[in-house]
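Chain by chain, the residues run as shown.
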Amino acid sequence: MSTTATAAARETRPWTISRTGATGRWGGAMLIALLVAFFAVPQVLTANVVAQLTSLLIFVMLAVMWNALAGYGGMVSVGQQTFIGFGAYGTIYLTQREVPPYLAMVLAALACAALAALLAPLVLRLRGGQFAVGTWVVAETIALIVVLDETLGGGTGISLRGLNVYAPAVRRALTYWLALTVAVLLLVLVFLLLRLRTGVALQAIRDDPEAAASLGVRVAPVKFLLFVLAGFGCGAAGALILANTLFIQPQSIFGVHWSAYMIFMVLVGGIGTFEGPIVGAVLFFAVQYWFADLGAWYLIGLGLVAVAFALFLPRGLWSLVDDRVRLLPVGYHLRP
């Protein structure tokens, strides 16, 4: 057969799309064992370790949500602190009205999802840098509203007094278990989104929204769903930050540094991957634990590391093992 005929045969042969499979027979069992071990943490480890692991789970939530927006939906936001702050202050607002604190955290997270649904028709009209700046402006606006409200502490901050009814050990354990539950819930929701046809649609929208729309992808509803999910997740993280620290100020909880942390975790771990943000969150937690006392130099170092990864390892740390280790099957392969 001639070379031309061989090439033509290759072009006309059928192709099939198959899901990526998980590596290893015991992958599911290992995940379950890890979840059980995490659940038992408050019974076997000290209070300080429980508080630190709660912070780690919060970082995982934030990284997974920002990766869902930017890595899968192509929406690069620098204003997710809108929902972090709204979730925290929403919890304060509800506890002031005699709502039990942990129920208030759940309701505040749902209120953040509602806020995201209200903001979506406005901010999702923006593209690229306009979207990034627009989300930051929304965060600054809501922060200013909170500062002007003296019942929420104004600019001096406020404590979550509703948790005083719990003993310190019980409070830390309940906060940790709630953080673990929300983190697992968000991971499961993102996993299901990626396993469904929605996952392929999101990646098509990220690469080229106009081309995706021309192929029949419903761009607006898919981006709306992702934006609302990210609002819920970041709102839950904000409520848990409050429960873990017991005190917040508008300048800190609405600070743009939260977006910087999320960008760092996702870029270093691996943007557009399921496992990468988790790796990035663990690394960021370790870096913060050892170097946060350096102040401004710590933030400069984070920025330099993020730039270095963007230039020399743009797929993040997870790309080094992605082809050999795949914990969860969320991708697709095209095979003849």
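What counts, and at which threshold
- Residues numbered from 1 in each chain as written.
- Predicted model: local features only at pLDDT ≥ 70, side-chain atom pairs only at ≥ 80, totals over all residues.
- Heavy atoms only, no water.
- Axes fitted to C-alpha atoms, helices over the stretch in contact; angles between N-to-C directions.
- Helix = DSSP H or I, 4+ residues; strand = E, 2+ residues; numbered from the N terminus.
- Parallel < 35°, antiparallel > 145°, perpendicular 65-115°, else oblique.
- Contact = heavy atoms within 4.5 Å.
- Nonpolar A, V, L, I, M, F, W, Y, C, P; charged D, E, K, R; others polar.
- Core = buried A, V, L, I, M, F, W, Y, C linked by side-chain atoms within 4.5 Å.
- Buried < 20%, exposed > 50% of the residue type's maximum accessible area, 1.4 Å probe, protein only.
- Polar contact = N/O pair within 3.5 Å; in protein donor to acceptor, adjacent residues only side chain to side chain.
- Phe/Tyr/Trp six-rings, centres within 6.5 Å; stacked < 30°, edge-to-face > 60°.

## Overview of the packing of helix H4 (residues 47–72) against helix H13 (residues 257–269)
Argument step 1. Between H4 and H13, whose axes approach to 9 Å, the crossing angle comes to 75°. It follows that H4 is roughly perpendicular to H13 by the angle criterion. Listed contacts from H13 to Phe59, Leu62, Ala63, Trp66 and Asn67 of H4 are Trp258, Met262, Ile263, Met265 and Val266.
Argument step 2. Classifying every residue of the contact of H4 with H13 by side-chain character gives nine nonpolar, one polar and no charged.

## Observations regarding the nonpolar core
Argument step 1. In this structure, Met61, Leu62, Met105, Phe227 and Met265 are the most contacted members of the largest nonpolar core, which totals 93 residues.
Argument step 2. Per-element tally for this core: the top contributor is H4, with 17 residues.
Argument step 3. Those residues in contact with Met61 that sit more than four places away from it in its chain are Ala179, Val182, Ala183, Leu186, Ala237 and Leu240.

## Remarks on the side chain of Thr91
Argument step 1. In this structure, Thr91 sits in helix H5 (residues 81–95).
Argument step 2. With a relative accessible area of 0%, Thr91 lands in the buried category.
Argument step 3. Side-chain polar atoms of Thr91 contact the backbone oxygen of Gly87, separated by 2.8 Å.
Argument step 4. Leaving out residues up to four positions away in the same chain, Thr91 has contacts with Pro101, Ala104, Met105, Ala108, Leu160, Ala239 and Leu242.

## Looking at the packing of aromatic side chains
Argument step 1. Per the stated rule, a full pass over the model turns up eleven aromatic pairs.
Argument step 2. Taking the centre distance of 6.1 Å and the plane angle of 75° together, the rings of Phe191 and Phe274 count as edge-to-face. Taken together, the positions of Phe191 in helix H8 (residues 168–195) and Phe274 in the loop between H13 and helix H14 (276–291) put the pair 83 residues apart, joining distant regions of the chain. Assigned by exposure class, Phe191 and Phe274 land together as buried.
Argument step 3. Between Tyr289 and Trp290, the aromatic rings sit 5.3 Å apart at their centres with planes inclined by 90°, giving edge-to-face as the arrangement.

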